[in-house]
Amino acid sequence: MSGIWVFGEGQVEFREFKNGDISLRVALKGEGPVILCVHGWPELWFSWRHQINAFSEKGYTVAAMDVRGYGGSSRPHEIEAYSLKSLASDVACVAAELSDDPVILFGHDWGAPIVWTSALLHPGQIKAVAGLSVPYTPGGELAFIDMAEMIYAGRFFYQKYFQSEGVAESEIESDLTDSLRKIYFSLSGDAPLDDWIKNKPEKASLLDDLVNPSPFPDWLTEDDLNVYVDAFRSGGFRGPLNRYRAQRIDLIELKDLRGRHVEQPACFIGGERDCVRHFVDGMDLYADPGSGCDDYRGTTIVDGAGHWVQQEAPEETNKALGAFLEKL
């Protein structure tokens, strides 16, 4: 699984790390203090390509992992293998292999809860945390999927749709290129606001009424898209979707973390047009993203960007991340 891979103007080395029976593929570039990047759904290490190049040139070792279930990492079948506790143990394993000193974590989408949880469960290994698109919220008495069942009662919500094993897998995998184009566009800042969570009948399918744009916005080239398509053609969507199905397992496994604050230096970066802001009717979930952090270093909301903020607006995102790093 080791080797060199060239993309655009960048080049990374792949290494394999083992966390028990789980193999983890990690892309590496640069020398210096370690930044470990954790992607979300449905992405890859490749989602961090702009950050790998930028921060390796600034004197950091930038490592971007394929989360278990994705790309070149192991893809266990069982749902419980995708709990936040298990995924945080992967992060801690890679961090320990890469550095004797605590590492800096960048996490996006599901990668954000993974890095927040890693900071709580493995504090001695984590120096600081930057969360993208999903702020830290201390755990409570309900899993988010239980709240979603109430908030979206009687209408479609993608996380509800994902709970039935095999259903979303079959729909998305039937035409991976079209499916990914629709998903990436719908959540981007180029789509109509909140397109991903627009009102649809409860029995609708995920891709119903989603646009397949032609041409696709230039933040994701055809070559970029093909990197994702090839990876999901090989690995499928069961592992990535199991993360959504494991939320009630998190409620049990992370019971001792309920109400806990993140103590490490932390920041948040989000897109102005990210629908995550509006998951709860009548609320802006980006209004106070540092409320659960004891050493909060600031919020950056990127104008015009949607959910894929580090890909849609790499310069603005890297500027915010760079400012965070300089103050550590």
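Placed above this text is the structure.
Now for a quick tour of the structure. In this text, all values refer to a predicted model and were calculated from it rather than measured experimentally.

For the rest of this paragraph, the subject is the overall build of the protein. A count of helices and strands for the protein gives twelve helices and nine strands. Compactness check: the protein gives a C-alpha radius of gyration of 18 Å against a globular reference of 20 Å for 328 residues, within 12% of the reference. Once the C-alpha set of the protein is aligned to its principal axes, its extents read approximately 50 × 45 × 40 Å. Counting every position in the protein, which comprises 328 residues, the buried fraction comes to 60%.

What follows covers the layout of surface pockets. The computed volume of the largest pocket comes to approximately 1,200 Å³. Lining the largest pocket we find 41 residues, and of these P113, V134, P135, T137 and F144 sit closest to its centre. When residues of the lining of the largest pocket are traced back to their parent elements, those giving at least two are α3 (111–121), α4 (144–151), α5 (158–161), α9 (238–245) and α10 (247–253). If one sorts the elements of the lining of the largest pocket by residue count, α3 sits on top with four residues.

Helix length check: helix α12 (residues 314–326) (13 residues) gives 18 Å between terminal C-alpha atoms against 18 Å at 1.5 Å per residue, within 8%. Those residues of α12 that sit buried are P314, T317, N318, A320, L321, G322, F324 and L325.

Moving on: the nonpolar core. One finds W41, F106, I183, Y184, W196 and L206 to be the most contacted residues of the largest nonpolar core, which totals 108 residues. Setting aside chain neighbours within four positions, we find L206 in contact with F156, Y158, Y161, F162, E171, I172, I183, W196 and K200.

Below, the discussion takes up the pattern of salt bridges. Counted under the stated rule, the structure contains 14 salt bridges. Here R25 ties to D66 by a salt bridge, and the two come within 2.8 Å at their closest N and O atoms. Pair noted here: R25 is in strand β3 (residues 22–29) and D66 is in the loop between β5 (61–65) and α2 (84–98), with a separation of 41 residues, a long-range link. Of the two residues examined, R25 and D66, each falls in the buried class. Two residues, D284 and R277, come together in a salt bridge whose shortest N-O distance is 2.7 Å.

The next subject is the environment of L193. Counting through the fold element by element, L193 comes out in the loop between α7 (176–186) and α8 (222–235). Along the primary structure L193 and G306 are separated by 113 residues, whereas in three dimensions their C-alpha atoms are 8.8 Å apart.

Here we come to the pairing of strand β4 (residues 34–38). In terms of burial, β4 is a largely internal element, five of the five residues being buried. Taking every second residue as pointing to the same face, both faces of β4 are buried, with V34, L36 and V38 on one and I35 and C37 on the other. With five bridges joining them, β4 and β5 adopt parallel strand pairing. Counted as the bridge partner of C37 is A64 from β5. The parallel pair β4 and β5 is bridged by helix α1 (residues 49–56), and the resulting crossover is right-handed.

Tallied over the entire structure, the rule returns four cavities of 30 Å³ or more. The calculated volume of the largest cavity comes to roughly 70 Å³. No other element matches the three residues that α9 contributes to the lining of the largest cavity. Split into classes, the residues belonging to the lining of the largest cavity amount to eight nonpolar, three polar and two charged. What the second largest cavity holds in volume is close to 60 Å³.

Considering the arrangement of structural elements, one finds K160 in helix α5. The class for K160 is buried, based on a relative accessible area of 13%. A polar side-chain atom of K160 sits 3.0 Å from the main-chain carbonyl oxygen of R155. Setting aside its immediate chain neighbours within four residues, K160 contacts I145, A148, E149, Y152, A153, G154, R155 and E202.

A large share of strand β8 (residues 262–271) lies buried, amounting to nine of its ten residues. Summarising the sheet, strand β7 (residues 126–132) and β8 pair through four bridges and their orientation is parallel. Bridge assignment links A130 to a residue of β8, and that residue is C267. Here seven bridges tie β8 to strand β9 (residues 293–302), and the two strands are oriented parallel to one another. Bridge assignment links A266 to a residue of β9, and that residue is Y296.

With that settled, the discussion passes to the packing of aromatic side chains. The relation between two aromatic rings is expressed through the spacing of the ring centres and the mutual angle of the planes. According to the stated counting rule, one finds 30 aromatic pairs in the structure shown. Centre to centre, the rings of F144 and F157 are 6.3 Å apart; their planes meet at 65°, and the pair counts as edge-to-face. With F144 in helix α4 and F157 in the loop between α4 and α5, this pair connects stretches of sequence that are 13 residues apart. Judged by its relative accessible area of 2%, F157 is buried. Here the aromatic rings of F157 and F279 are separated by 5.5 Å at their centres, their planes lie at 90°, and the arrangement is edge-to-face. Separated by 122 residues along the polypeptide, F157 in the loop between α4 and α5 and F279 in the loop between β8 and β9 bring together distant segments of the chain. Over the ring of F14 we find R25, and its NZ or CZ is 4.4 Å from the ring centre. One cation-aromatic arrangement involves K200 over F156; the distance from NZ or CZ to the ring centre is 4.4 Å.

Conventions adopted
- Residues numbered from 1 in each chain as written.
- Predicted model: local features only at pLDDT ≥ 70, side-chain atom pairs only at ≥ 80, totals over all residues.
- Heavy atoms only, no water.
- Helix = DSSP H or I, 4+ residues; strand = E, 2+ residues; numbered from the N terminus.
- Rg over C-alpha atoms; globule rule 2.2 N^0.38 Å.
- Buried < 20%, exposed > 50% of the residue type's maximum accessible area, 1.4 Å probe, protein only.
- 1 Å grid on protein atoms, 1.4 Å probe; cavity = no way out; pocket = protein on both sides within 12 Å on 5 of 7 lines; lining within 4 Å.
- Points joined across faces, edges and corners; volume = space filled by probe spheres on them.
- Expected span 1.5 Å × (residues − 1).
- Core = buried A, V, L, I, M, F, W, Y, C linked by side-chain atoms within 4.5 Å.
- Contact = heavy atoms within 4.5 Å.
- Salt bridge = Lys/Arg side-chain N within 4 Å of Asp/Glu carboxyl O.
- Pairing = 2+ DSSP bridges.
- Right-handed = clockwise from strand over helix to strand, strands pointing away.
- Nonpolar A, V, L, I, M, F, W, Y, C, P; charged D, E, K, R; others polar.
- Polar contact = N/O pair within 3.5 Å; in protein donor to acceptor, adjacent residues only side chain to side chain.
- Phe/Tyr/Trp six-rings, centres within 6.5 Å; stacked < 30°, edge-to-face > 60°.
- Lys NZ or Arg CZ within 6 Å of the ring centre and 35° of its normal.

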